[in-house]
Each structure stands twice: as structure tokens, then as C-alpha cells.
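Working through the structure, step by step
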Amino acid sequence: MSDTTNALGAYLRARRELVTPQQAGIPEMGVRRVPGLRREEVAMLAGISADYYLRLERGRDRNPSVQVIESIARVLQLDGDHVAHLMTLVSEAPRQRRPREEVPPPGALKLVDSLAQPAFIEGRFFDVLASNSLARALSPHLTAGGNQLRDMFLVPAVQALHPDWEDVTECFVANLRQAVGNDFDDPRFVELTEELSLASARFRRLWARHEVRGQRGTPIRINHPQVGELTLNRERLAIAGTDGLMLVVCHPDAGSADADKLALLASSDLPTRRGAPLDNAAVG
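Report on the accompanying structure. (Residues numbered from 1 in each chain as written. Predicted model: local features only at pLDDT ≥ 70, side-chain atom pairs only at ≥ 80, totals over all residues. Heavy atoms only, no water.)

**So, the overall build of the chain**
Scanning the chain from terminus to terminus reveals 14 helices and five strands. When each of the 284 residues of the chain is scored for burial, the buried share is 47%. Considering only intrachain contacts with a sequence separation of at least 6, the fraction spanning at least 24 residues in the chain is 59%. Roughly 14,000 Å² of accessible area belongs to the chain as shown, and the carbon and sulfur atoms make up 51% of that amount. (Helix = DSSP H or I, 4+ residues; strand = E, 2+ residues; numbered from the N terminus. Buried < 20%, exposed > 50% of the residue type's maximum accessible area, 1.4 Å probe, protein only. Contact = heavy atoms within 4.5 Å. Areas by Shrake-Rupley, 256 points an atom, 1.4 Å probe, with all protein chains shown as cover.)

In C-alpha cells form, the structure reads like this:
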């Protein structure tokens, strides 16, 4: 992937193309051959020379000062997550080296099994490392050995569970960009992104935008084939003593219809809806 050879330049170029002249507060004159801002416009607004900015995008200078990065970030209208990611891409940033194998602590595994809500443990790149029975009842694909990102793009049954699939995929890809930082040669990251880039045009489009977003708790809607639509609060909690492993818990608002549906899902007496999309077929 081009990110590996000139990560800073690829990021600056992608984000520059997303800012319009109107958003940047400059007049839009004549025919523009490129989307977003021109290089010289970014340089002018950031108070640096056009030649220096060109060197940054082309990978000839990978050690800009913090002041230069902050000026460019202001012009490109980057939020806190994007600025933090940008800082990892300069040459002075230490490489984020982590062990390949991700193993949840025994105590965390016991906690997952003891919870009365759907819960699972995920790795840096959304591999499912462990899950409880209610999580698997919510989605059979939340099983140890699966990968949420891959399933979200390539498995129709998983896509059918998410009425807000487009928003969910945007969030996942932005989270992936934040999670990898500057560790673009991580074997698991390379394996996953190469597979998705080949198999999914939507993944390629989203990845090219270089959106960055930290993982936060958020409500999610699920269209379950047995209990219908329900909204759950999805919380991601860091597991102490691990390098990036998260405990994910999905819980309904107390006393809500969603809580009743989740209780029904946890029971053994479930209705069956015709045409329930629980198959494992993947898109080729």
C-alpha cells in the first residue's frame, strides 16, 4: 500500500483534497483541476513556503516542526484525533512495535463469561478474541477467530444486521486508521487491509479518505432476525495490562423495549422469522 512508503505525504494529500476553498475562506477562481485545496494554497494559509510543503507531500522532508504540523492541521481543519495521528507520521515519532499474538488475560476471559449482557474481547484490528453466549446470540459472527471489520464489509448476513451499515463502516475504517498509527508493516494489519482492498470497493474509498477517529462508546442499531430492531449502547473498555485489547459490552437502556428484546434473545424460547439472514455466505 502507498501508505508504507510515504505515510505523511499520503495523509496530507488525502486530507487536502477534502477541504474546499470555500471552507478554507479563499475565493474560488477559474477552473480547478484538483479536488479540494491546491498545495500552494495550503502552504500560503499555513504560512510556509510552497516548495517546503511540496517536499513534505513528496516525502523529501519527513521531519517538520510541531509548529509547522499545527499550522497545516489548522488549514486542513483536523480535529484532535487527526492531529494526534498526524504527529505519529513524522520521522521523529517512535515506531509502534507490538507483539503479533494477542492473548486476553484469564481474568478478562472470566469476566466476559460472567456478564449478563452481550460482551466480547477485541484486538487492535477488530479480531474477536473471546465472546459470551449472548454476544454470539446477537451475532453468530461474534465468535473467537472472527474479524468484525472483515465481516462488516464482506458478509451479507452481518451487513443485514446493521440498518446504519454505511455509518458503521465509516466508523470502523476511521478507528482502524487510528489504531494502526505509524505501524503500517504490522503483519495482521497488512493481511487484513490487503484482503479488504481487493474485495471491497467501499473499503478502498473509505481508506483513501484517511479519516481518523478514536474508539468511543456509541449507540448501535441491530436488526435481529429473531427479535427485530433494537438499540444497544456499545461501550469499549480498555483491558489493563494489555497492549490495546478492549472489552466491548452492549447494553440496553434500563426498562426499555430494547431490554425486553435482549432478555428474550437470552432466553431459549425464541420466535423464528422467515428469511432470517444468519448464513455465513461472504461476498466474493
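**Notes on the packing of aromatic side chains**
Enumeration over the complete set of coordinates arrives at seven aromatic pairs. Taking the centre distance of 6.4 Å and the plane angle of 70° together, the rings of Phe 153 and Trp 165 count as edge-to-face. Of the two residues, Phe 153 sits in helix H9 (residues 148-154) while Trp 165 sits in helix H11 (residues 165-180), which places them 12 residues apart along the sequence. Phe 153 sits in the buried class, given a relative accessible area of 4%. Ring geometry for Phe 189 versus Trp 207: centroids 5.7 Å apart, planes at 50°, classification tilted. One end of the pair, Phe 189, is in helix H12 (residues 187-199); the other, Trp 207, is in helix H13 (residues 201-208), with 18 residues separating them in the sequence. In this pair, the class of Phe 189 matches that of Trp 207, namely buried. Members of the aromatic cluster, joined through ring pairs, are Phe 125, Phe 153, Trp 165, Phe 184, Phe 189, Phe 203 and Trp 207. (Phe/Tyr/Trp six-rings, centres within 6.5 Å; stacked < 30°, edge-to-face > 60°.)

**What about the packing of helix H1 (residues 7-16) against helix H4 (residues 50-57)?**
At a closest axis distance of 7 Å, the pairing of H1 and H4 adopts a crossing angle of 115°. Of the residues in H4, those in contact with Leu 8, Gly 9, Leu 12, Arg 13 and Arg 16 of H1 are Tyr 53, Leu 56 and Glu 57. Broken down by class, the residue content of the contact of H1 with H4 amounts to four nonpolar, one polar and three charged. (Axes fitted to C-alpha atoms, helices over the stretch in contact; angles between N-to-C directions. Nonpolar A, V, L, I, M, F, W, Y, C, P; charged D, E, K, R; others polar.)

**Concerning the nonpolar core**
Grouped together as the largest cluster of nonpolar side chains are 48 residues, with contacts concentrated most on Ile 72 and Leu 149. Among all residues touching Leu 149, those that are not within four sequence positions of it are Phe 126, Phe 172, Val 173, Leu 176, Leu 192, Leu 196 and Phe 203. The next biggest cluster of nonpolar side chains, apart from the first, holds 11 residues, and it includes Leu 134, Leu 230, Leu 232 and Cys 250. (Core = buried A, V, L, I, M, F, W, Y, C linked by side-chain atoms within 4.5 Å.)

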